[in-house]
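Residue-level listing of the chains:
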Amino acid sequence: MQIIRVDSLVKKFGAITAVDGISFEVEENTIFGFLGPNGAGKTTTISILCTLLAPTAGTAYLNGHNCHSESAEVRRSIGIVFQDSSLDKDLTARENLLFHAYLYDVDKAERKKRVDEALAFAELSDRADNLIKTFSGGMKRRLEVARGLIHRPKVLFLDEPTLGLDPQSRSNLWEFITDLPKKHNVTIFMTTHYMEEAEVCDKIAIIDKGRIIASGTPQELKKIVGGDVIYLKTTDNKKAAGQIRELFGVEASEKDGEIFISVLKGEACIPDIIREIGERVLSVRMQRPTLNDVFLKLTGKEIREEYASAGDDIKEAVRSYRRRHDRG
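Residues numbered from 1 in each chain as written. Predicted model: local features only at pLDDT ≥ 70, side-chain atom pairs only at ≥ 80, totals over all residues. Heavy atoms only, no water.

## Focus on the side chain of asparagine 96
Structurally, asparagine 96 is set in helix 3 (residues 93-103). Looking at asparagine 96, the relative accessible area reads 5%, which means it is buried. Once residues lying within four places of it in the same chain are set aside, the contact partners of asparagine 96 are Leu87, Asp88, Leu91, Ile132 and Arg147. (Helix = DSSP H or I, 4+ residues; strand = E, 2+ residues; numbered from the N terminus. Buried < 20%, exposed > 50% of the residue type's maximum accessible area, 1.4 Å probe, protein only. Contact = heavy atoms within 4.5 Å.)

See the structure below:
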């Protein structure tokens, strides 16, 4: 079942077209990655889905509700966790969660139960009454994700959820996040500039210059780049390259003292190559296409370079969202 459906969405700011007729769907209880360089239209699209902006044309539906004409229903269906921590560091973990439950009109009789469940899910029950200022970055992120689930949203938006965390904390948080669809019946809509993290997504859409330029599973997107690349060092690269071309019918090139060839199934080809070339092989390695290779091929840009200031617009959008929500 589709939890999000976007049809021919357009958003213009004067003469500038930020979103140019995009369409995509997100299946319920999946992890969806929305990737694009800064200025691609990603933030604008997310802002429309979160009811912060009205589209110029086209439609966006979330949980069966029109994001423009049924904004109140949409807001009740979403949770948001953004780059910068929004926890009150002078309150305890429990107090932060209770405050969030109050803001989202969680029934008073339910609040304590949901807060206790959130603390347990974040594995922070033993730190419930400690001030946030004493928490590590990973603990804060887990608490923010758990807080975003207190009002039982159908879609949880995660903007760069692991930004600023050390590698171990990032790994632990992703184990935590990947359990969410099954444990909480929630759809994850995420952005990240760590392309290896996007591997956890069930589906990814890449947006550039306001248009969706590719979408699919991580494996489907990698096929855009081509096959695996095998690198060989031999005692006679020129002769070995000629043999590879003749025997396997593939182009073999040399760079930096290595022969490299592109094949569809590298692991199957390596034994055959070694068997034919024999003792002349000094080393062999294989590299599979990555999502970063896909992004670079499609956009001509490194995503890490482009994401440096990608959160600025959305942070202001969150402030606006909270002001509007607090006013009811």
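Anyway, onward from the coordinates.
## Considering helix 9 (residues 237-248)
With 12 residues, helix 9 should reach 16 Å at 1.5 Å per residue; the first-to-last C-alpha distance of 16 Å fits that figure. Three or more residues of helix 9 are buried, namely Asn237, Ala240, Ala241 and Ile244. All buried residues of helix 9 fall inside an arc of 100 degrees around its axis, so they share one side. Across from the buried face of helix 9, at angles greater than 90 degrees, the exposed residues are Lys238, Lys239 and Glu246. (Expected span 1.5 Å × (residues − 1). Arc of directions from axis to C-beta.)

## Here we look at the pairing of strand 13 (residues 258-263)
Relative to strand 13, strand 11 (residues 228-234) runs antiparallel, the two sharing five bridges. When the sheet's bridge partners are listed, valine 229 is paired in strand 13 with serine 262. In this sheet, strand 13 lies alongside strand 12 (residues 253-255) in antiparallel orientation, the contact comprising three bridges. Residue pairing across strands places serine 253 opposite phenylalanine 260, the latter belonging to strand 13. (Pairing = 2+ DSSP bridges.)

## Focus: the sheet that holds strand 4 (residues 57-62)
Within the open sheet, the four strands sit side by side as 2-1-4-5. Their pairing is antiparallel. Unpaired on one side and paired on the other, strand 2 (16-27) and strand 5 (65-66) mark the two borders of the sheet. In the sheet, strand 4 pairs with strand 5 via two bridges, with the strands oriented antiparallel. Opposite tyrosine 61, over in strand 5, you have asparagine 66 as the bridge partner. Relative to the sheet, helix 1 (residues 42-49) contacts strand 1 (2-13), strand 2 and strand 4, its axis offset from that of strand 1 by approximately 120 degrees. (Axes fitted to C-alpha atoms, helices over the stretch in contact; angles between N-to-C directions.)

## Notes on the nonpolar core
One recurring pattern in soluble globular proteins is that nonpolar side chains are buried together. In terms of nonpolar packing, the biggest core is built from 44 residues, with Leu119, Leu143, Leu156, Leu158, Leu180, Ile188 and Ile204 touching the most fellow members. Aside from chain neighbours lying at most four places away, what touches leucine 119 is Ala93, Arg94, Leu97, Leu124, Ser125, Ala128 and Leu143. Of all hydrophobic cores here, the second largest spans 28 residues; its members include Phe34, Cys50, Leu62 and Ile78. (Core = buried A, V, L, I, M, F, W, Y, C linked by side-chain atoms within 4.5 Å.)

## With respect to the packing of helix 9 against helix 10 (residues 266-277)
One can describe the packing of helix 9 onto helix 10 by two numbers: an axis separation of 11 Å at closest approach and a directional angle of 120 degrees. It follows that helix 9 is oblique to helix 10 by the angle criterion. Helix-helix and strand crossings are classified by hand; for helix 9 and helix 10 the assignment is right-handed. On helix 10, the residues touching Ala240, Gln243, Ile244, Leu247 and Phe248 of helix 9 are Asp272, Ile273, Glu276 and Ile277. Of the residues in the contact of helix 9 with helix 10, the class split is six nonpolar, one polar and two charged. (Parallel < 35°, antiparallel > 145°, perpendicular 65-115°, else oblique. Left-handed = near helix turned anticlockwise from the far one by under 90°. Nonpolar A, V, L, I, M, F, W, Y, C, P; charged D, E, K, R; others polar.)

## Here we look at the confidence of the model for the chain
Confidence in the prediction for the chain averages 87 pLDDT; 91% of positions are at 70 or higher. In the predicted structure, residues 308-318 sits below a pLDDT of 50 and forms 19 contacts with residues beyond four places in sequence or in another chain. (pLDDT = per-residue confidence, 0-100.)

## Comments concerning the environment of phenylalanine 13
Checked against the element boundaries, phenylalanine 13 lands in strand 1. Between the C-alpha atoms of phenylalanine 13 and isoleucine 46, which are 33 residues apart in sequence, the distance is 16 Å. Every residue in contact with phenylalanine 13, bar those within four places of it in the chain, is listed here: Ala18, Thr44 and Leu53.

## Description of the sheet that holds strand 10 (residues 211-216)
Spatial ordering of the open sheet is given by 6-7-8-3-9-10, a layout of six strands whose pairing is mixed. Where the open sheet ends on each side, the last strands, each with one partner, are strand 6 (78-81) and strand 10. The mean inter-strand angle of the sheet, taken between neighbouring strand axes irrespective of direction, is 20 degrees. Bridging between strand 9 (residues 203-208) and strand 10 involves five bridges; their strand directions are antiparallel. The residue bridging alanine 205 from the neighbouring strand is serine 215, located in strand 10.

## Let's talk about the packing of helix 3 against helix 4 (residues 108-121)
When two helices pack together, their arrangement is given by the angle between the helix axes and by the axis-to-axis distance. Where helix 3 contacts helix 4, the axes come no closer than 10 Å and their chain directions differ by 130 degrees. Classified by the angle their axes make, helix 3 and helix 4 are oblique. Crossing geometry of helix 3 relative to helix 4 is assigned as right-handed. Residue-level contacts link Ala93, Arg94, Leu97, Leu98, Ala101 and Tyr102 of helix 3 to Arg111, Val115, Asp116, Ala118 and Leu119 of helix 4. When grouped by side-chain class, the residues that make up the contact of helix 3 with helix 4 number eight nonpolar, no polar and three charged.

## Some remarks on the environment of phenylalanine 295
On the secondary structure map, phenylalanine 295 appears in helix 11 (residues 291-299). Taking the C-alpha atoms as reference points, phenylalanine 295 and lysine 12, 283 residues apart in sequence, are found 25 Å from one another.

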